[in-house]
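# Reading the structure
What follows is each chain in one-letter form.
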Amino acid sequence: MPELIWDGKGVEQPVPVRALDFDAALSCGDGDNLIVRGDNLAAMTSLLRFYRGRVKCIYIDPPYNTGAAFEHYNDNFEHDLWLSMMSQRLKLMKQLLSDDGSIWISIDDDEAHYLKVICDEIFGRNNFVGNAVWHKKGTRSNDARWFSDNHDFILVYALDKERFHMNLLPRTEGSLKNYSNPDNDPRGVWQSLPLQAKSGSASTANFVHVFSNGVKWSPPPGRFPAFSHESLDALERDNRIWFGKKGTNVPRYKKFLSDVKDGFVPTTLWFRDEVGDNQEAKREVKALGLVFDTPKPERLIERVLTLATNAGDLVMDCFLGSGTTAAVAHKLNRRYIGVEIGEHATTHVVPRLRQVVGTHGGGFKFCRLGEEIFDAAGNFNHALTFETLAQFIWFGLTGQVLVDENEFPMLGICDGAAVYLLDDLLTRETFAKLPTYNGRKIVYAAACRLSDRFLRDNEIEFRHVPNDLRT
Ligand SMILES: C[S@@+](CC[C@H](N)C(=O)[O-])C[C@H]1O[C@@H](n2cnc3c(N)ncnc32)[C@H](O)[C@@H]1O
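### Brief notes about the domain arrangement of the protein
The parts lose accessible area when they come together, and the size of an interface is often stated as this lost area. If you check the domain split of the protein, you get domain 1 (26-167 + 268-374), domain 2 (186-197 + 205-259) and domain 3 (404-469). Placing a centre on the C-alpha atoms of domain 1 and another on those of domain 3 gives a separation of 40 Å.

### As for the environment of Asp-259
For Asp-259, the location among the structural elements is in the loop between strand E15 (252-256) and strand E16 (269-270). Remark: the alpha-carbon pair of Asp-259 and Gly-378, spanning 119 residues in sequence, is separated by 59 Å. Here Arg-240 takes part through its side chain, which lies 3.0 Å from a polar atom of the side chain of Asp-259.

### Brief notes about unusual backbone geometry
Pro-409 follows Phe-408 through a cis peptide bond whose omega is 10 degrees. In this fold, Pro-409 is placed in the loop between helix H11 (386-398) and strand E20 (410-414). Following Val-465, the chain continues into Pro-466 via a peptide bond in cis, with omega recorded as 10 degrees. Along the chain, Pro-466 falls in the segment after strand E23 (460-464). One non-glycine residue, Asn-184, adopts positive backbone phi at about 50 degrees. Structurally, the position occupied by Asn-184 is in the loop between helix H4 (173-176) and strand E9 (190-193). Residue Asn-239 is not a glycine yet carries a positive backbone phi of 55 degrees. Tracing the chain through its elements places Asn-239 in the loop between helix H5 (229-237) and strand E14 (241-242).

### Concerning the side chain of His-330
Along the chain, His-330 turns up in helix H9 (residues 324-331). With residues near it in sequence (within four places) discarded, His-330 still touches Asn-33, Tyr-336, Val-356, Val-357, His-360, Gly-361, Gly-362 and Gly-363.

### Considering the pattern of salt bridges
Counting across every chain of the model gives 30 salt bridges. Asp-99 is the salt-bridge partner of Arg-163, the closest N and O atoms lying 3.5 Å from each other. Placement of Arg-163 in the loop between strand E8 (151-158) and H4 and of Asp-99 in strand E6 (residues 97-107) is noted, with a sequence separation of 64 residues between them. The class for Asp-99 is partly exposed, based on a relative accessible area of 42%. The closest approach of N and O atoms between Asp-152 and Lys-136, which form a salt bridge, is 2.7 Å.

### A look at the site of the ligand
Taken together, 20 residues lie around the ligand, and Asp-61, Ser-322, Thr-324, Glu-340 and His-344 are the ones closest in. Within the side chain of Ser-322, one N or O atom sits 2.6 Å away from an oxygen atom of the ligand. The separation between a nitrogen atom of the ligand and a polar main-chain atom of Ile-341 is 3.3 Å. Surface burial for the ligand is 95%, taken as the share of its 610 Å² of free accessible area covered by protein chains. Counted by class, the shell around the ligand contains 8 nonpolar, 7 polar and 5 charged residues.

### With respect to the sheet that holds strand E7 (residues 128-135)
The mixed open sheet is built from 10 strands, whose spatial order is E1-E19-E2-E18-E17-E3-E6-E8-E7-E16. Each edge of the open sheet is held by one strand with a lone partner, namely strand E1 (17-29) and E16. In this sheet, strand E19 (residues 363-374) lies alongside E1 in antiparallel orientation, the contact comprising 8 bridges. Of the residues in E19, the one forming a bridge with Phe-22 is Cys-367. Where helix H2 (residues 79-96) meets the sheet, its contacts fall on strand E3 (55-60), E6 and strand E17 (314-317), and the angle it forms with E6 comes to roughly 150 degrees. Running over the sheet, helix H10 (residues 344-360) touches E1, strand E2 (33-37), strand E18 (335-340) and E19 and is turned about 145 degrees from E19.

### Re the packing of helix H8 (residues 298-308) against H9
Interaxial distance between H8 and H9 falls to 9 Å at its minimum, and their mutual angle equals 60 degrees. If you check the angle between H8 and H9, you find them oblique. Crossing of H8 against H9: the hand is right-handed. Residues Glu-298, Ile-301, Glu-302 and Leu-305 of H8 touch H9, and the partners they reach there are Thr-324, Thr-325, Ala-327, Val-328, Ala-329 and Lys-331.

Here is what the cut-offs are and how they apply
- Residues numbered from 1 in each chain as written.
- Predicted model: local features only at pLDDT ≥ 70, side-chain atom pairs only at ≥ 80, totals over all residues.
- Heavy atoms only, no water.
- Domains from an automatic or database assignment.
- Helix = DSSP H or I, 4+ residues; strand = E, 2+ residues; numbered from the N terminus.
- Polar contact = N/O pair within 3.5 Å; in protein donor to acceptor, adjacent residues only side chain to side chain.
- Contact = heavy atoms within 4.5 Å.
- Salt bridge = Lys/Arg side-chain N within 4 Å of Asp/Glu carboxyl O.
- Buried < 20%, exposed > 50% of the residue type's maximum accessible area, 1.4 Å probe, protein only.
- Near = heavy atom within 4 Å.
- Areas by Shrake-Rupley, 256 points an atom, 1.4 Å probe, with all protein chains shown as cover.
- Nonpolar A, V, L, I, M, F, W, Y, C, P; charged D, E, K, R; others polar.
- Pairing = 2+ DSSP bridges.
- Axes fitted to C-alpha atoms, helices over the stretch in contact; angles between N-to-C directions.
- Parallel < 35°, antiparallel > 145°, perpendicular 65-115°, else oblique.
- Left-handed = near helix turned anticlockwise from the far one by under 90°.

Now the structure itself:
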């Protein structure tokens, strides 16, 4: 397969594994939706410990590399660096996707075609689902030197196209207006369609069908019968032939709404009147009292999530910006993880999501990337506090931040097992002091001085710190 080569390709910076520090003051309500402030490379490395293969849809809107310096982030990378930055991150995203998951990437002409090639390499050309063209701007930039740039792309890949199912778009009111039920058919509303087709066989040139009421029907000149005599008889027996209210019209057949797909296959053209444009997006953040240079409109993200996910599915956006994906996911009842490196994680995302929680309930947890558990070379940090280590272990087991420290050294119950972290060795004495639990117990400690027999009899599974913390 042809390959794109650039300076620095394949030279990937090793990433330390970090804890996530829970910030109660910036979190809101109940629920395990997660907002992480920090570099998505490090954040995804930590998230992988639990979320590998669990994310149904990743939407990202990375810096397009347009050369601009936006107020909140830099969009001017060297071309090679941009490709390296994206490629290393896309590989992590791939590991986070579920077998039936998909990734949707907003991009424009500056990098779109290079991105397509690196995505082909990472996700496989056969998993390319499509490339939607989004009409991002309704006005012409007459000061543009060549073209007025009015569209972006959304590049879509599945982890495995054979297992990826894309939803239909809901029918609009306009598309339903042709359906009615003038004969009160118990099967519901229907529309009448002609019995002829544009193409067919020459052998049907003199086709005449006689219905049981004596009405004779032939296709108009140049057209062909859409049904055989047998099929027309069957349709008539099933009360699917319509001769008009007075019974005198040219016969047509009844197509019931319940027999057609209950939605639309999306086209690759996404018009601004259907999914919003850049102006709409700016108005949306402004209405929240925020200013952000490059937000996406909520209707655009709503379309992505409608096609790619169902209620309860997990969505991730690791270039979160002003928080649009998280806000829309919340409103649509999806679970979500958002990662943003900039200060606007606190100044924009948090207030935006607080408003959403205020109306829709639920909540989110806010974390920062914390101390290194293992440095980039894989060395364990022996200076970690008990709390940081506890947080790291609990997140790796459950994908949730630890908010209740009341029972320490018991961290909580995970899959029916009590989980403990000792800052001492595991011995009969230290075990005897643990909060009791009737059932399986997982104990993390630096060493174990208990016999296999004692471990078995007491349903204890010992896990070594730090060896068993490596993935
Ligand atoms: C185009 S904006 C996303 C806008 C977003 N779709 C919205 O609707 O507001 C790109 C975002 O990616 C963030 N970003 C850039 N590099 C990042 C990184 N390495 N880790 C996390 N976020 C990053 C930038 O700070 C910026 O907020």
